[in-house]
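These are the residues of each chain, in order.
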Amino acid sequence: DNGKAMGEGVRICHIDTGWSQHDDLDRERLDLSSDYDLLEGDENAQDPLDYDGHLGHGTSTGSVIASSGGIDESGNTLPPGKITGVAPRATLVPIRSIKSVIRFLDSDVARAVRRSVAAQCDVISMSLGGRAFFGLERALMDAVRNDVIPIAAAGNCVGFVVAPAMYDATIAVAATNIDDEPWRGSSRGRTVDISAPGESVHVAWKTSPDDPLSGTRQRDGTSYATAMTAGAAALWIAHHGEQSIREAQGGGTRKDLFLRHLQQTSRQPDGWEVDRFGSGILDVGALLAQPLDSTGVAARSPRMRTPQLELLSRLTGRDSNELRPLLEELLGDTDLEATLRRFGPELAYVAASEPEAMNRALDN
């Protein structure tokens, strides 16, 4: 009752390389009155496609979220586009804040997150990942407190979960293939919440202003698993409606309510490693079929306790209570907080770049 189909009325802040002219990134799906280019400092988030980095990445991920080519009775995508996004009636708010999905200024992403709140977005899709930056984590916590659902890519080909997916304020997404197995390049770890299809995903493809408006490719990565999950969040919000979600949410956060339903309805193949790839694989049909239930949603907001300790906990895959005495022994210092304030960034770098060496040091 009072719900809508296909993500209608839901606003998704799309923090990426911007949008471009393409049949599978429909202009009517974009809110170009709220878009912004943080790299150039103007109100036009169109991707110039003229830089060193991941050209057209925002167009590709955007098409997975909200392209609205339509579907005929046989299940084929209707022209002019070739791709139908997960939430083809949702609205994308493009925020251009990166040129590369692995090398970027976290402060630009933090500013993009704050803009998403000002633009009254319901979901944030972040198909990007880099180093830890506590300013970005604080911005995401503020977004969660404002009933925004941030979704982030676990990372590609680095093993550990990257920021901002490692933060408690986000829903971290790993990638799978058509055989319901983890994609070989997906990051993994105990901070992953859910997995979704991310191998050989059909996407809009445009890396040059001269490329045709109808180009598509199959691409791999947690970027596309994240886009699919962001689309699923839009479907869930539209399906149940704001009022019903707010009532079920009670004093808790919308992100936690959605995450609980997402995990409860996920598919878990035989031999699935929950501690590495989350609760299971995204199942949108089951997600929408499950009635809203507030049971177990605590009235809490994400918080940073000892930021450096929490970060090391996520990077090493160890509970912070287990990690604390190991670090005290390793560092030979009982004033752990003061030591971590001084050396925390260096330890985090070692944990991220040489995880095996870090774990050997802790265990010895």
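This text goes with the structure placed above it.
Residues numbered from 1 in each chain as written. Predicted model: local features only at pLDDT ≥ 70, side-chain atom pairs only at ≥ 80, totals over all residues. Heavy atoms only, no water.

Peer 1: Looking at this model, I keep getting lost on the nonpolar core. Mind explaining?
Peer 2: Proteins that are soluble and globular tend to have nonpolar side chains buried together. Ile15, Ile95, Val113, Ile124, Met126, Leu312 and Leu327 are the most contacted members of the largest nonpolar core, which has 53 residues in total. Top element by residues in this core is helix H3 (residues 134-145). It accounts for six residues. Beyond its immediate stretch of four places on either side in the chain, Ile124 contacts Cys13, Ile15, Val113, Ser116, Ala143, Val148, Ile149, Pro150 and Ile151. Residues Ala66, Val173, Ala234 and Leu259 belong to the second largest nonpolar core, which totals 44 residues. (Core = buried A, V, L, I, M, F, W, Y, C linked by side-chain atoms within 4.5 Å. Buried < 20%, exposed > 50% of the residue type's maximum accessible area, 1.4 Å probe, protein only. Helix = DSSP H or I, 4+ residues; strand = E, 2+ residues; numbered from the N terminus. Contact = heavy atoms within 4.5 Å.)

Peer 1: Just checking my understanding: could you explain the packing of helix H4 (residues 222-240) against helix H5 (residues 242-249) for this structure?
Peer 2: Between two packed helices, the angle of one axis relative to the other and the distance separating the axes together describe the packing. In contact at an axis separation of 6 Å, H4 and H5 are set at 100° when each is read in the N-to-C sense. Here H4 is positioned roughly perpendicular relative to H5, judged by the angle of their axes. Mapping the contact onto sequence places Trp236, Ile237 and His240 in H4 and Glu242, Ser244 and Ile245 in H5. Counted by class, the contact of H4 with H5 contains three nonpolar, two polar and one charged residues. (Axes fitted to C-alpha atoms, helices over the stretch in contact; angles between N-to-C directions. Parallel < 35°, antiparallel > 145°, perpendicular 65-115°, else oblique. Nonpolar A, V, L, I, M, F, W, Y, C, P; charged D, E, K, R; others polar.)

Peer 1: Help me out: how do you make sense of unusual backbone geometry in this one?
Peer 2: Leaving glycine out, the prevailing phi sign among residues is negative, and the prevailing peptide bond configuration is trans. A cis amide bond links Ala163 with the next residue in sequence, Pro164, at an omega value of 10°. Structurally, Pro164 is set in the loop between strand E5 (149-153) and strand E6 (171-176). If you check the backbone angles, Asp147 has positive phi at about 65° while not being a glycine. Note on placement: Asp147 falls in the loop between H3 and E5. Overall, the relative accessible area of 18% leaves Asp147 in the buried class.

Peer 1: When you look at H5 in this model, what are you seeing that I'm missing?
Peer 2: For an α-helix the count is 3.6 residues per turn, leaving residues at separations of three or four pointing the same way. Residues of H5 that are buried: Ile245, Ala248 and Gln249. Down the axis of H5, the buried side of the element spans an arc of 100°, and every buried residue falls inside it. Exposed and oriented more than 90 degrees from the buried face of H5 are Gln243 and Glu247. At the exit of H5 stands Gly250, carrying a positive phi of roughly 55°. (Arc of directions from axis to C-beta.)

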